[in-house]
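Residues per chain, in single letters:
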Amino acid sequence: DLLHLPYFLCEEALPNGVEFAAFGVEKGTPWIKEAMEYYQNRPFIIKEGIYDELAIPIAIMTYLSSKYEFVPIQSLSEFVNDSSKICYLPNDWFNAHPRDDVKGLYYNITENTHCIHHFANSWLEDEYGGGPLHKMYYKITGKNWRLRDGRFQLYGTDKKIKI
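### Here we look at the overall build of the protein chain
Alright, step 1. Summing up its helical and strand segments, the protein chain has three helices and eight strands in all.
Alright, step 2. Within the protein chain, buried positions represent 37% of all 163 residues.
Alright, step 3. A sequence separation of at least 24 residues applies to 37% of the contacts in the protein chain between residues at least 6 apart.
Alright, step 4. Summing over all exposed atoms, the protein chain offers an accessible surface of approximately 10,400 Å²; the carbon and sulfur share of this is 55%.

Written as C-alpha cells, this is what we have:
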C-alpha cells in the first residue's frame, strides 16, 4: 500500500526527527542520494580520537533541513510530491515506540503499523563497556566489538570483559 509513493518514512520516537531504520525511496530521488553522500563522507572521529556519536536520524535530518522542508503528515492522503519537501508519517508506521520509550521496550501498535524498529541503544556504554547487543555478541562469541576506522562496523577482538 506504500509502493505508489516516491518515498516513505516516519518520524522517530523522539520529537522533531525522522527515522531512517525503515524507509523506502525510488531510485533517483535527490534527497536520499545527498543524504548517502553526506553520511559516507562524514568524519566519525571529530578530533584527537573523540568519536562523533550523533545518531543517524539527527545527523541526516540536520543536514537535509538546510535544503528541504520536512513536513509531518498524518495519513497517505496528505502526501505532497514536491521536490522541495520531505513528507513523513507518524512514528507508529515504522517505529511504533511512544515518545517516552528511550530504551525500545514498549510499543504503540496501530492499524498503520507496517514494521517496528527494535532498538536497544546498543551504542551506549554501560558498566560492561557496551549496551545490550554488545553483551549478547560477547556471550555468543567471547569477543568484544568496537568501532573500526571510525565507522559503525563490528569486528571481534580478543579482549575479554567481565559480564
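### Brief notes about the side chain of Glu 11
Alright, step 1. The topology assignment puts Glu 11 in strand β1 (residues 7–11).
Alright, step 2. Take Glu 11: its relative accessible area is 16%, and that puts it in the buried class.
Alright, step 3. Polar side-chain contacts of Glu 11 include one of 3.4 Å to the backbone nitrogen of Asn 91.

### So, the packing of aromatic side chains
Alright, step 1. For the coordinates displayed, the defined rule picks out six aromatic pairs.
Alright, step 2. Taking the centre distance of 5.3 Å and the plane angle of 90° together, the rings of Tyr 7 and Trp 31 count as edge-to-face. With a gap of 24 residues between them, Tyr 7 in strand β1 and Trp 31 in helix α1 (residues 30–41) connect regions that are remote in the sequence. Each member of the pair, Tyr 7 together with Trp 31, is buried.
Alright, step 3. In textbook terms, an aromatic cluster arises when at least three aromatic residues are bridged by ring pairs, as seen for Tyr 7, Trp 31 and Phe 79.

### Quick notes on the nonpolar core
Alright, step 1. Counting residues in each nonpolar core, the largest one holds 28 residues, and the members touching the most others are Leu 9, Trp 31, Leu 64, Ile 86 and Phe 94.
Alright, step 2. Of all the elements in the fold, those that place two or more residues in this core are β1, β2 (18–25), α1, α2 (56–65), β5 (69–72) and β6 (85–88).
Alright, step 3. Excluding anything up to four places from it in sequence, Leu 64 contacts Trp 31, Glu 34, Ala 35, Phe 70 and Ile 86.

Conventions and cut-offs
- Residues numbered from 1 in each chain as written.
- Predicted model: local features only at pLDDT ≥ 70, side-chain atom pairs only at ≥ 80, totals over all residues.
- Heavy atoms only, no water.
- Helix = DSSP H or I, 4+ residues; strand = E, 2+ residues; numbered from the N terminus.
- Buried < 20%, exposed > 50% of the residue type's maximum accessible area, 1.4 Å probe, protein only.
- Contact = heavy atoms within 4.5 Å.
- Areas by Shrake-Rupley, 256 points an atom, 1.4 Å probe, with all protein chains shown as cover.
- Polar contact = N/O pair within 3.5 Å; in protein donor to acceptor, adjacent residues only side chain to side chain.
- Phe/Tyr/Trp six-rings, centres within 6.5 Å; stacked < 30°, edge-to-face > 60°.
- Core = buried A, V, L, I, M, F, W, Y, C linked by side-chain atoms within 4.5 Å.

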